[in-house]
Amino acid sequence: QGQLLAKSWSSLFGGQSGAALRGPIYSFNGRSVLVDPLWPRRLAWHGSTPRGGHARRWDCQGWHSAGAAEGMATALGEGRLLAGHRHNCSTP
């Protein structure tokens, strides 16, 4: 039995009312991403355009630590998963 994350698939990505994430999101090691201090920025990295296409210039593909590449990511509390803003790929 899980918790409802969003009312619908389209509300999760489209930013309609009720699109804010509702439940906890856990990392693979069991930490709650929305409250754990290990994630100070709480970003969902996706490399997508607002319509869900591949943002080719902003996907961090080929990134290396000495680079200044940027990728698309969205703050988890923003409510629109694919709204996205460019962030330096080195951002933890």
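The name an unreviewed UniProt entry assigns to the chain is COFA1 protein, from the organism Promerops cafer.

Among the structural elements, W39 can be located in the loop between α1 (9-14) and β1 (43-45). Separated by 53 residues in sequence, W39 and P92 place their C-alpha atoms 7.6 Å apart. With residues up to four places along the chain from it excluded, the contact list for W39 reads S27, N29, R31 and V33.

A few words now on the environment of G47. The topology assignment puts G47 in the loop between β1 and β2 (70-75). Sequence separation between G47 and L82 is 35 residues; the distance between their C-alpha atoms is 8.9 Å. Excluding residues that lie within four positions of it along the chain, G47 makes contacts with G53, H54, A55, W58, D59 and M72.

Moving on to the side chain of S48. Tracing the backbone shows S48 in the loop between β1 and β2. Residues in contact with S48, not counting those within four places in the same chain, are G53, A55, M72 and L82.

The next thing to look at is the environment of V33. The topology assignment puts V33 in the loop between α1 and β1. Distance from V33 to L76, taken between C-alpha atoms, is 9.3 Å for residues 43 residues apart in sequence. When residues no more than four places from it in sequence are discounted, the contact partners of V33 are I25, Y26, S27, W39, R42 and L76.

Counted according to the given criterion, the structure contains two salt bridges. Among the ionic pairs, D36 bridges to R31, the shortest N-O distance being 3.2 Å. The partly exposed category is assigned to R31, whose relative accessible area is 35%.

Attention now moves to the side chain of H87. Its location among the elements puts H87 in strand β3 (residues 85-88). With sequence-adjacent residues up to four places away left out, H87 is seen in contact with R41, L43, W45, A69, E70, G71 and A73.

Take the state of the cysteines next. The final tally for this structure, using the stated rule, is one disulfide. With a sulfur-sulfur separation of 1.9 Å, C60 is cross-linked through a disulfide to C89. Where C60 bonds to C89 through sulfur, the torsion about that S-S bond is close to -95°, and the disulfide is left-handed. In this pair, C60 is assigned in the loop between β1 and β2 and C89 in the segment after β3, connecting sequence segments 29 residues apart.

Okay, unusual backbone geometry next. Look at R42: it is not a glycine, yet its phi comes out positive at around 50°. For R42, the location among the structural elements is in the loop between α1 and β1. R42 gets classed as partly exposed once you look at its relative accessible area, which sits at 23%.

Basis of the calculations
- Residues numbered from 1 in each chain as written.
- Predicted model: local features only at pLDDT ≥ 70, side-chain atom pairs only at ≥ 80, totals over all residues.
- Heavy atoms only, no water.
- Helix = DSSP H or I, 4+ residues; strand = E, 2+ residues; numbered from the N terminus.
- Contact = heavy atoms within 4.5 Å.
- Salt bridge = Lys/Arg side-chain N within 4 Å of Asp/Glu carboxyl O.
- Buried < 20%, exposed > 50% of the residue type's maximum accessible area, 1.4 Å probe, protein only.
- Disulfide = S-S within 2.5 Å.

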